[in-house]
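Close look at the chain arrangement
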Amino acid sequence: YICGLSSMRKGLWEKCQEYFRKINRDIAQLLTRSRSVDQAFLQFFGDEFLRLLMVRFVFCSGALRLHKAFRETRNYPETYPQLPKEETVESPHLQKHILELASMLDVRNLFLDNTLEDY
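So, a few notes on the structure that sits alongside this text. (Residues numbered from 1 in each chain as written. Predicted model: local features only at pLDDT ≥ 70, side-chain atom pairs only at ≥ 80, totals over all residues. Heavy atoms only, no water.)

Approximately 590 Å³ is the volume found for the largest pocket. Taken together, 20 residues make up the lining of the largest pocket; nearest its centre are Cys 3, Leu 5, Phe 59, Leu 101 and Leu 105. Listing elements by their share of the lining of the largest pocket, those giving two or more residues are helix H1 (10-33), helix H3 (48-66) and helix H4 (92-104). Of the residues that constitute the lining of the largest pocket, the class distribution is 18 nonpolar, 2 polar and no charged. Of the volumes computed, that of the second largest pocket is approximately 170 Å³. (1 Å grid on protein atoms, 1.4 Å probe; cavity = no way out; pocket = protein on both sides within 12 Å on 5 of 7 lines; lining within 4 Å. Points joined across faces, edges and corners; volume = space filled by probe spheres on them. Helix = DSSP H or I, 4+ residues; strand = E, 2+ residues; numbered from the N terminus. Nonpolar A, V, L, I, M, F, W, Y, C, P; charged D, E, K, R; others polar.)

Ile 27, Leu 31 and Leu 101 are the most contacted members of the largest nonpolar core, which totals 29 residues. Contributing elements (two or more residues each) for this core: H1, H3 and H4. When residues of this core are assigned to their parent elements, the largest contribution, 8 residues, is made by H1. Excluding residues within four positions of it along the chain, Ile 27 makes contact with Val 55, Val 58, Phe 59 and Leu 94. (Core = buried A, V, L, I, M, F, W, Y, C linked by side-chain atoms within 4.5 Å. Buried < 20%, exposed > 50% of the residue type's maximum accessible area, 1.4 Å probe, protein only. Contact = heavy atoms within 4.5 Å.)

Closest axis-to-axis distance for the H1/H3 pair is 9 Å, and the angle between their directions is 100°. Overall, the two elements H1 and H3 adopt an arrangement that is roughly perpendicular. Across the interface between the two elements, Phe 20, Ile 23, Asn 24, Ile 27, Ala 28 and Leu 31 from H1 touch Leu 52, Met 54, Val 55, Arg 56, Val 58 and Phe 59 from H3. Class assignment for the residues of the contact of H1 with H3 results in 10 nonpolar, 1 polar and 1 charged. (Axes fitted to C-alpha atoms, helices over the stretch in contact; angles between N-to-C directions. Parallel < 35°, antiparallel > 145°, perpendicular 65-115°, else oblique.)

See below:
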């Protein structure tokens, strides 16, 4: 909804789905390899639904931080306890993935020109 896409070619959809699965795997690795993530989050990784919910939360939060229309911090979702932003939602690796996906979808102009660490 935040990018105004209503339809796309099947081939592009499949390519983006495959890339999104890669992003999800990378986010899961970010969460499990971080020494700063509260152990309460890692307990959810045993349940597929909760793991997917956490991974998608990180993706959504990261995408909102890079989207030009959501510049105020009050627009960002939060967790309690908080996730370490630098290692998760503001990770340069995740940001590069999000910007690459935006480029694939031809909506790159809706996002910041660079990753947050460049600002």
